[in-house]
Amino acid sequence: MLDWQKRRPNKSWGVQSLKVSIGLCGRRLALLLIFAFVGAGLASLPSETRAADATLPSLMVAEPRLQRDLAGHWILKGGVSVSLSPSLIAAIERGVPLEFESIFRARQTHWGFWKRLVYQEKRVARLQFQPLTRLFYVFKQGAPVEAFDDLTKALRACLVVKDWRVAPPEKAFEGLELGLRLRLDENALPKPLLIGALTTADYQLTTGWLSVHYGEGSLLP
């Protein structure tokens, strides 16, 4: 055998090496894709999962009840407590308006399961911070604009339940299912924030529907 034939590389070995290299690259690519998908999944998790110490928004009403005042009008009673997430506070400080919706309703049960809405009272309050004046403004339909130098006071004006007149004296609510819900209207948020509201809990602020205690015989000073 000639010397050049002895020195000729083994073609089969070269092909096998190429196959091994391709296999290793494929495994590495698969691992990279797995890590990428896992990272994307973690990034899309709600804020309470991503960061245990993150402050989530909360909205609660203590012991909501319906009573009459001395003039006979139906008013609500109950203590409201609210806390905002850092994302909501940052949005307010940038001048983003927030709309809060309060709804009182009365329903009647039919056929043991279907419930018919017989009365509803809705209140909408809009909160907006003005960076130039450093004041928080609250807008309510049919009421003068209120200005506050403190966010807590402005939120109280938007969500207060105590002495909210929800019905005239001639309305009757005995035997009806009474409910109350306070919430931040996510649909009124600007589109960039609306997307965040749909994917995280940072902008989800609601009490859900709460049962309201009925107190026909109570007259309040």
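Rules behind the numbers
- Residues numbered from 1 in each chain as written.
- Predicted model: local features only at pLDDT ≥ 70, side-chain atom pairs only at ≥ 80, totals over all residues.
- Heavy atoms only, no water.
- Helix = DSSP H or I, 4+ residues; strand = E, 2+ residues; numbered from the N terminus.
- Buried < 20%, exposed > 50% of the residue type's maximum accessible area, 1.4 Å probe, protein only.
- Polar contact = N/O pair within 3.5 Å; in protein donor to acceptor, adjacent residues only side chain to side chain.
- Arc of directions from axis to C-beta.
- Pairing = 2+ DSSP bridges.
- Contact = heavy atoms within 4.5 Å.
- Axes fitted to C-alpha atoms, helices over the stretch in contact; angles between N-to-C directions.

## As for the side chain of D69
No. 1: The residue D69 is located in strand β1 (residues 58-69) in this model.
No. 2: Residue D69 is classed as buried on the basis of its relative accessible area, which comes to 12%.
No. 3: A polar contact of 2.8 Å, which involves the side chain of D69, links it to the backbone nitrogen of H73.

## Describing helix α4 (residues 86-93)
Quick reminder: α-helices carry 3.6 residues per turn. Residues three or four places apart thus point the same way.
No. 1: Those residues of α4 that fall on the buried side of the exposure criterion are L88, A91 and I92. Angular distribution of buried residues about the axis of α4 spans 100 degrees; they occupy a single face of the element. Projecting away from the buried face of α4 at angles above 90 degrees are the exposed residues P86 and E93.
No. 2: Just downstream of α4 lies G95, where phi reads positive at about 90 degrees.

## Details of the pairing of strand β8 (residues 177-184)
No. 1: With 6 of 8 residues buried, β8 lies mostly within the body of the structure.
No. 2: With 8 bridges joining them, strand β3 (residues 98-110) and β8 adopt antiparallel strand pairing. When the bridges of β8 are listed, A106 appears paired with L178.
No. 3: With 2 bridges connecting them, β8 and strand β9 (residues 210-211) associate as antiparallel partners. Across the sheet, the residue bridging to L180 is L210, located in β9.

## Overview of the sheet that holds β9
No. 1: Spatially, β6-β5-β4-β3-β8-β9 is the arrangement adopted by the 6 strands of the open sheet, whose pairing is antiparallel. Across the chains shown, the open sheet's two edge strands, defined by having one partner strand only, are β6 (146-148) and β9.
No. 2: The strands that α4 touches are β3, β4 (114-130), β5 (135-140) and β8; relative to β4, the one it contacts most, it runs at about 55 degrees.

## Quick notes on the pairing of β5
In regular strands, side chains alternate between the two faces of the sheet.
No. 1: Here 6 bridges tie β4 to β5, and the two strands are oriented antiparallel to one another. By the bridge assignment for β5, A125 is matched with K140.
No. 2: Hairpin connection, β4 to β5: the antiparallel pair is bridged by 4 residues, and R134 has positive phi, about 60 degrees.
No. 3: Pairing between β5 and β6: 3 bridges, direction antiparallel. Residue pairing in the sheet places V138 in a bridge with E146 of β6.
No. 4: Turn length for the β5-β6 hairpin, with the two strands adjacent in sequence and antiparallel, is 5 residues, and the turn residue G142 shows positive phi of about 75 degrees.

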